[in-house]
Amino acid sequence: METYESYLRELVTRLIEIRRMVAKNLIQSKEKIRKKLSNKTKPLDVKIEDLVDVNEENDKKGLRIDKDGYVHVYTDGACKANGKPNAQAEIGIWFNQEHPLNISDKACNRQTNNSAEMEAIIKAIEILKNLNYKKIRIHTDSKFVIYGIKEWLPKWENNGWKTSRKREVISKKDFVKMKSSLNNLEVELIYEPGHTGIIGNKGADRLAKLAIEN
């Protein structure tokens, strides 16, 4: 009897240890995936379809709508020779796979990366507004735009459009136009780290780069 009980205790001990090892490996694997999805790593080699938001469905216009009634759009701005006299900025707007509203075009405003990012967002808003969409979620990889519209804009307006260093805000026209475009709409800006395999991000990035190549 003692031998049998000893055997059971040893078996239970081993099973507990195996369970701990499996749990530990799952946590480590999850952490590795999280790190790979950060914007500080190389693109993650996963299937695009695995990164599509399952909470979104296509409406009658072929646009992606979530359960809250928000239409989703991905935007990107790119600039060849950014910061130089010969800079050439482009925009990419992705509504859905092979959607006729997708845009790959040259930027019309200041030829910088940040300005192109904002121009893409503003244009996306104008398109959706003309289609009578009132609730919009815009995905962008530009922290500059998100911090600018959510945090810096009110401070700049109160400071007479001067930075904390008392300098003129270079992007004033862009932000004024963006703020105006948001009137009477429910717009959310969502940060999406670039080059993580998100289908919309990849689509907007590809469209912006395609405009540069052409």
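Regarding its fold elements, the protein chain presents five helices and seven strands. Reading the protein chain from its N terminus to its C terminus gives the helix and strand order α-β-β-β-β-β-α-β-α-α-β-α. A sequence separation of at least 24 residues applies to 65% of the contacts in the protein chain between residues at least 6 apart. In the form shown here, the protein chain has an accessible surface area of approximately 14100 Å², with 52% of it arising from carbon and sulfur atoms.

Another aspect to go through is helix 2 (residues 113–130). End to end, helix 2 covers 26 Å across 18 residues, agreeing with the expected 26 Å (1.5 Å per residue, within 8%). The set of residues buried in helix 2 consists of Ser115, Ala116, Glu117, Met118, Glu119, Ala120, Ile121, Ile122, Ala124, Ile125, Ile127 and Leu128. Between the side-chain oxygen of the N-cap and the backbone nitrogen of Ser115 there are 3.1 Å, and the N-cap of helix 2 in question is Thr112. Count one or two residues on from helix 2 and you reach Asn132, which has phi positive near 70 degrees.

To continue, consider the environment of Ile127. Residue placement: Ile127 occurs in helix 2. The residues touching Ile127, leaving out its near neighbours within four places in the chain, are Phe95, Leu101 and Ile103.

A few words now on the environment of Lys67. Take Lys67: it is sitting in the loop between strand 2 (64–66) and strand 3 (71–80). In this structure, the C-alpha to C-alpha distance between Lys67 and Glu57, residues 10 residues apart in sequence, is 8.3 Å.

It is worth spelling out the confidence of the model for the protein chain at this point. Model confidence for the protein chain is summarised by a mean pLDDT of 83, while 74% of its residues fall at 70 or above. Below pLDDT 50 for its whole length, residues 39–52 participates in 20 contacts with residues either more than four positions away or in separate chains.

Most of strand 4 (residues 88–94) sits inside the fold, with six of its seven residues counted as buried. Sheet topology places strand 3 next to strand 4; seven bridges connect them, and they run antiparallel. Each bridged residue has a counterpart across the sheet, and for Cys79 the counterpart in strand 4 is Ala89. Where strand 4 meets strand 5 (residues 103–106), four bridges bridge the pair, whose relative direction is antiparallel. Residue pairing across strands places Gly92 opposite Ser104, the latter belonging to strand 5.

Our next topic: the pattern of salt bridges. Going through the model one piece at a time under the given rule, you end up with seven salt bridges. The closest approach of N and O atoms between Glu168 and Lys162, which form a salt bridge, is 3.8 Å. Assessed through its relative accessible area of 54%, Glu168 is described here as exposed. Shared partners join several salt bridges into a network, and the residues in it are Asp66, Asp68, Arg137 and Glu188.

In this section: helix 3 (residues 143–158). Counted at 1.5 Å a residue, the expected span for helix 3 with its 16 residues is 22 Å, and the 22 Å between its end C-alpha atoms agrees. Those residues of helix 3 hidden inside the fold are in contact with helix 2, strand 6 (135–140), helix 4 (172–181) and strand 7 (186–191).

All right, on to the side chain of Ser115 then. With respect to the helices, strands and loops of the structure, Ser115 is situated in helix 2. Exposure remark for Ser115: the relative accessible area of 1% places this residue in the buried category. Among the polar contacts listed, one links the side chain of Ser115 to the backbone oxygen of Arg110, at a separation of 3.3 Å. Among all residues touching Ser115, those that are not within four sequence positions of it are Asn109, Arg110 and Asp174.

To continue, consider the packing of aromatic side chains. Following the criterion strictly, the structure yields seven aromatic pairs and no others. An angle of 70 degrees between the planes, with centres 5.2 Å apart, marks the rings of Trp156 and Phe175 as edge-to-face. On the criterion of sequence distance, the pair formed by Trp156 in helix 3 and Phe175 in helix 4 is long-range, its members being 19 residues apart. Note on Trp156: relative accessible area 11%, which makes it buried.

Here helix 3 crosses helix 4 at 95 degrees, and the two axes come no closer than 11 Å. In terms of orientation, helix 3 lies roughly perpendicular with respect to helix 4. Contacts between helix 3 and helix 4 pair Phe144, Val145, Gly148, Ile149, Leu153, Trp156 and Glu157 from the former with Phe175, Met178 and Lys179 from the latter. Here the residues of the contact of helix 3 with helix 4 are counted per class, giving seven nonpolar, one polar and two charged.

Rules used throughout
Counting from 1, residues in each chain are numbered in the order their sequence is written. This being a predicted model, a pLDDT of at least 70 is required before a residue's local features are given, and a value of 80 or more before pairs of side-chain atoms are given or counted; all residues contribute to the totals for chains, interfaces and linings. Excluding hydrogens and water, the side-chain figures rest on all heavy atoms present in the structure. What counts as a helix is a DSSP run of H or I of at least four residues, what counts as a strand is a run of E of at least two, and both are numbered from the N terminus. Between two residues, a contact is recorded if the distance between any of their heavy atoms is within 4.5 Å. Accessible areas in this description were obtained via Shrake-Rupley with a 1.4 Å probe; residue shielding takes into account the shown protein chains only. How far a helix is expected to stretch is found by multiplying one less than its residue total by 1.5 Å. When accessible area is computed with a 1.4 Å probe and restricted to protein chains, residues below 20% of their type maximum are described as buried, those above 50% as exposed, and intermediate ones as partly exposed. We call two N or O atoms a polar contact when they sit within 3.5 Å, provided that within protein one can donate a hydrogen and the other can accept it, with sequence-adjacent residues counted only if both atoms are side-chain atoms. Note: pLDDT gives the predictor's confidence per residue, expressed from 0 to 100. Pairing between strands is defined by DSSP: at least two bridges between them are needed. Take a side-chain nitrogen of Lys or Arg and a carboxyl oxygen of Asp or Glu: if they are within 4 Å of each other, that pair is a salt bridge. When the centres of two rings from Phe, Tyr and Trp lie within 6.5 Å, Trp using its six-membered ring, the rings pair. Their planes under 30 degrees apart give stacked, over 60 give edge-to-face, and anything left gives tilted. The axes used here are C-alpha line fits, helices contributing only the stretch in contact, and every angle between their N-to-C directions lies in the interval 0 to 180 degrees. Roughly parallel refers to an angle under 35 degrees, roughly antiparallel to one over 145, roughly perpendicular to one between 65 and 115, and oblique to any angle outside these ranges. Residue type decides the class: Asp, Glu, Lys and Arg count as charged, Ala, Val, Leu, Ile, Met, Phe, Trp, Tyr, Cys and Pro as nonpolar, and the leftover types, Gly among them, as polar.

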